[in-house]
Amino acid sequence: MVESQPSKLLVAGSIPVSRSRIEAFCGRERSGSPLPKSRAFFARDLLSGAMRSFEQAAIKVEKAQEFARLQAAVEKAFLPEKAESFLKQLDRKGIRVRDFDAILAQKVLELVGESELNARQLYESLPVSDQAQTREFYLSKLEGVEVALRHKFKKLYQYY
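Residues numbered from 1 in each chain as written. Predicted model: local features only at pLDDT ≥ 70, side-chain atom pairs only at ≥ 80, totals over all residues. Heavy atoms only, no water.

Asker: Please clarify how the layout of surface pockets should be interpreted in this entry.
Answerer: Think of a ball as big as a water molecule: rolled over the atoms, this probe shows where empty space is left. By volume, the largest pocket is sized at about 170 Å³. Along its surface, the largest pocket is lined by Glu75, Phe78, Leu79, Pro80, Ala83, Glu84, Lys141, Gly144, Val145, Glu146 and Leu149. When residues in the lining of the largest pocket are grouped by element, the largest group, 3 residues, is from helix α5 (residues 80-93). Taken together, the residues of the lining of the largest pocket break down into 6 nonpolar, 1 polar and 4 charged. (1 Å grid on protein atoms, 1.4 Å probe; cavity = no way out; pocket = protein on both sides within 12 Å on 5 of 7 lines; lining within 4 Å. Points joined across faces, edges and corners; volume = space filled by probe spheres on them. Helix = DSSP H or I, 4+ residues; strand = E, 2+ residues; numbered from the N terminus. Nonpolar A, V, L, I, M, F, W, Y, C, P; charged D, E, K, R; others polar.)

Asker: Just to check I follow, could you spell out helix α4 (residues 64-77) for this structure?
Answerer: Here α4 contains 14 residues, and its C-alpha end-to-end distance of 20 Å stays within 8% of the 20 Å for a straight helix at 1.5 Å per residue. Every buried residue of α4 is listed here: Phe67, Leu70, Ala73, Val74 and Ala77. Looking straight down α4, one finds that the buried residues subtend no more than 125° of arc, so they occupy a single side. (Expected span 1.5 Å × (residues − 1). Buried < 20%, exposed > 50% of the residue type's maximum accessible area, 1.4 Å probe, protein only. Arc of directions from axis to C-beta.)

Asker: Is there a simple way to explain the pattern of salt bridges in this structure?
Answerer: Pairing is possible between side chains of opposite charge, provided their charged atoms come close. One pass over the structure, following the stated rule, counts 4 salt bridges. Across the pair Arg120 and Glu124 runs a salt bridge whose closest N-O atoms are separated by 3.2 Å. Taken together, the residues Arg120 and Glu124, both in helix α8 (residues 119-125) and 4 residues apart, mark about one turn of the helix. Using a relative accessible area of 30% as the deciding quantity, one classes Arg120 as partly exposed. Connected via shared salt-bridge partners are Arg98, Glu143 and Arg150. (Salt bridge = Lys/Arg side-chain N within 4 Å of Asp/Glu carboxyl O.)

Asker: Looking at this structure, how should I read the packing of α4 against helix α9 (residues 128-143)?
Answerer: When two helices pack together, their arrangement is given by the angle between the helix axes and the distance between those axes. Put simply, α4 and α9 touch, their axes get as near as 10 Å, and they point 15° apart. Our classification of the angle between α4 and α9 gives roughly parallel. Here the hand of the crossing between α4 and α9 comes out right-handed. Here Phe67, Leu70, Gln71, Val74 and Glu75 of α4 lie close against α9, whose contacting residues are Asp130, Gln133, Thr134, Phe137, Tyr138 and Lys141. Residues belonging to the contact of α4 with α9 are distributed by class as follows: 5 nonpolar, 3 polar and 3 charged. (Axes fitted to C-alpha atoms, helices over the stretch in contact; angles between N-to-C directions. Parallel < 35°, antiparallel > 145°, perpendicular 65-115°, else oblique. Left-handed = near helix turned anticlockwise from the far one by under 90°. Contact = heavy atoms within 4.5 Å.)

What follows is the structure, encoded as structure tokens:
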């Protein structure tokens, strides 16, 4: 059994907790006087920083021309008038929408967009950072498809 000294520790179950830490977190010194403003608002500032939305760091594209061609092909595939045919192609070939490597291997982007585009070759010519940005761009476009169309092709959108 743990005994506590009333002036220094509180006992929560079997875990001793220092009162000075609790009081400091609440914005009081041991003497009861308020802490300086910078320390008193520490918890509030900490929480407000945690509530900010995620912002992706900007990563410079190394091969801009190849990246732009691939990005344009993805944008064309997800145009409202072409999105359904793109998803039908994926369904026919048995490819899940999030399997970007299979989409490149089966040349689905070429079927929907430019026939002379070799998306897989372009993708493989990109450095890893540009490939990651391309995949992220594809996935963001994928989530932007209208709900009715996503529901129609819900088997493609399943995770497993």
